[in-house]
Amino acid sequence: MEFVKQLLCFSLVLLMSIGHVRLQTTDTATDMEELLATDEVTTADAATDLLATASMVTAYSATVTVKASLGLNEVFTSDLNDPTTSAYQTLETDFISTMDDVFQTAYGATYNKTVVEGFRAGSVYVDFRVVFNEAPVASDDYVEATTTALTDTLTAAISDGFGDFTVIAGSLVAATDLSVSSFSFAEAAADIDFDLNVDNIYTVSITLANGGGASLKSIAADGDSGNNNADNFAITFIVSDSNDLSDSTALTIESDADVSEATNMQAGIAISSTLVLQDVYALVNVPKADCGLYKHLCVKVEGSTDSVFIDEDSTNDYKCIAAFANNDAEYLPCSGCMTRVSFIVLLLVPLVSYYLTL
């Protein structure tokens with residue numbers, strides 16, 4: 001009997017031990033799952049942080065180029081129009097050497113090089129670009145920040161002495177990117193009349209944009225108070241058979257805009273901002289025999305002879321709309337004007353025939 005009790009006791013202890021081991025195993029597994037889950041979250045967070053950091057590094061470590069111009073108190077000669085002449089190459093070498101001294105001192109290995117793009121008269125203006133291996137300052141808008149860093153560094157260097165050069169005061173200008181965003185007629189398309197062989201005058205609004213790294217200076221900001229009423233922009237309207245004005249084979253008819261009553265012609269444009277030119281008068285004259293050849297009416301806007309800004313990309317200085325070619329043209333359908341001419345001819349034919357029979 002005693003043996004039976006001990007056997008039962010031993011069996012109970014054994015069962016309790018097995019249950020405890022199973023419980024510990026379950027707890028351990030639960031802890032392990034929680035730990036793994038925690039590790040997964042931590043790993044995911046770490047990966048996200050790493051990607052975010054890499055993204056930031058990419059944004060700031062990309063090569064950045066800023067275009068600008070600077071006036072030197074030098075005598076301009078025709079040799080400076082030709083990159084193969086010794087005069088051009090000597091001035092180019094001296095200018096780059098001075099720029100290297102300034103920017104290597106300021107930014108070390110971040111600075112890459114300076115490239116001279118050409119010289120212009122008045123005394124001698126240097127068009128150049130500065131290339132950085134990465135943005136010299138961290139910013140959400142690293143192009144604007146780099147442009148500011150360049151102008152600040154050069155301004156300080158000019159004040160302290162820019163090598164052997166004497167710099168014309170206020171001549172440092174960083175490049176902008178002037179573009180035509182859109183243009184439209186003041187009247188609705190259905191209300192616009194268009195006639196062949198005559199000057200058709202239309203009131204137009206033009207929206208300009210500045211996509212460069214520097215503000216586009218107004219006429220008043222050029223340091224010359226004598227030309228504050230001069231236009232900052234030159235506007236041309238172009239009738240063309242192509243919407244690509246860079247195509248040398250395109251047929252074009254050009255006419256200067258009448259800006260006598262236009263608004264904002266002396267204004268500048270801030271970085272990443274727009275400017276609307278209103279009450280611009282377009283003169284459109286298409287020969288009757290050529291009406292069917294043209295398909296587009298374009299407007300082109302450039303800096304005037306008095307402007308001081310640099311446009312780093314001239315390929316976006318114009319905008320075209322469909323016109324002339326057919327009834328699907330947005331404005332000034334050629335078929336419409338031809339219909340009116342044909343209608344007049346139809347009215348005249350019977351009359352002429354009648355008189356010929358007399």
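Residues numbered from 1 in each chain as written. Predicted model: local features only at pLDDT ≥ 70, side-chain atom pairs only at ≥ 80, totals over all residues. Heavy atoms only, no water.

### Here we look at helix α3 (residues 142-160)
Stage number 1. Over its 19 residues, α3 extends 27 Å from the first C-alpha to the last, a length consistent with the 27 Å expected when each residue adds 1.5 Å.
Stage number 2. The set of residues buried in α3 consists of Ala145, Thr146, Thr147, Ala149, Leu150, Thr151, Thr153, Leu154 and Ala157.
Stage number 3. Elements in contact with the buried residues of α3: β1 (64-72), α2 (86-107), β3 (124-132) and β4 (173-174).
Stage number 4. Where α3 ends, the next residue or the one after it, Gly161, has phi of about 120 degrees, a positive value. (Helix = DSSP H or I, 4+ residues; strand = E, 2+ residues; numbered from the N terminus. Expected span 1.5 Å × (residues − 1). Buried < 20%, exposed > 50% of the residue type's maximum accessible area, 1.4 Å probe, protein only. Contact = heavy atoms within 4.5 Å.)

### Some thoughts on the environment of Phe309
Stage number 1. In this structure, Phe309 sits in the loop between β10 (296-303) and β11 (318-324).
Stage number 2. Considering only alpha carbons, one finds Phe309 and Ala68, 241 residues apart in sequence, at a separation of 9.2 Å.
Stage number 3. If we skip the residues at most four places from it in the chain, Phe309 touches Val173, Thr176, Leu178, Leu216, Lys217, Asn232, Phe233 and Gly303.

### Remarks on the pattern of salt bridges
Stage number 1. Taken as a whole, this structure holds 3 salt bridges when the rule is applied.
Stage number 2. The salt bridge partner of Arg120 is Asp127, with a shortest N-O separation of 2.8 Å.
Stage number 3. The salt bridge partner of Glu302 is Lys300, with a shortest N-O separation of 3.9 Å.
Stage number 4. Here Lys300 falls in the partly exposed class, since its relative accessible area comes to 26%. (Salt bridge = Lys/Arg side-chain N within 4 Å of Asp/Glu carboxyl O.)

### Things to note about the confidence of the model for the protein chain
Stage number 1. On average, residues of the protein chain score 78 in pLDDT, and 73% of them are at 70 or above.
Stage number 2. Contacts of residues 335-349 to residues separated by more than four positions or lying in other chains number 12 contacts, the stretch itself having pLDDT below 50. (pLDDT = per-residue confidence, 0-100.)

### Considerations on the nonpolar core
Stage number 1. Within the largest apolar cluster, 38 residues are counted, with the highest numbers of intra-cluster contacts made by Ile206, Phe233, Ile235 and Phe324.
Stage number 2. Only β5 (178-185), β6 (200-210), β7 (233-240), β9 (274-284), β10 and β11 provide two or more residues apiece to this core.
Stage number 3. If one sorts the elements of this core by residue count, β9 sits on top with 5 residues.
Stage number 4. Setting aside residues no more than four positions away along its own chain, Ile235 makes contact with Ile206, Asp256, Ala257, Val259, Met265, Leu277, Val280, Val299, Lys300 and Val301.
Stage number 5. In this structure, Leu70, Phe119, Phe128 and Leu150 belong to the second largest nonpolar core, which totals 28 residues. (Core = buried A, V, L, I, M, F, W, Y, C linked by side-chain atoms within 4.5 Å.)

### Quick word on the environment of Tyr202
Stage number 1. Structurally, Tyr202 can be placed in strand β6.
Stage number 2. Remark: the alpha-carbon pair of Tyr202 and Ser184, spanning 18 residues in sequence, is separated by 10.0 Å.
Stage number 3. Filtering out sequence-adjacent residues up to four positions away, Tyr202 remains in contact with Phe185, Ile192, Asp193, Phe194, Val280, Tyr281, Ala282, Val284 and Leu332.

### Section: the pairing of strand β2 (residues 111-121)
Stage number 1. When β2 meets β3, the two strands line up antiparallel, connected through 9 bridges. Each bridged residue has a counterpart across the sheet, and for Ala121 the counterpart in β3 is Val124.
Stage number 2. Taking the residues that link successive antiparallel strands as the turn, the β2-β3 hairpin has 2 residues, and the phi of Gly122 there is positive, at about 120 degrees. (Pairing = 2+ DSSP bridges.)

### A look at the sheet that holds β3
Stage number 1. Strand order across the open sheet formed by 4 strands is β2-β3-β1-β4, with antiparallel pairing between neighbours. Since the sheet does not close on itself, it has two edges, and those belong to β2 and β4, each with one partner.
Stage number 2. Direction of pairing for β1 relative to β4: antiparallel, over a ladder of 2 bridges. For Ala68, the partnering residue across the bridge sits in β4 and is Ala174.
Stage number 3. Contacts from α2 reach β1, β2 and β3, with the element oriented near 145 degrees to β2.
Stage number 4. The strands touched by α3 are β1, β3 and β4; relative to β1, the strand with the most contacts, the crossing angle is about 30 degrees. (Axes fitted to C-alpha atoms, helices over the stretch in contact; angles between N-to-C directions.)

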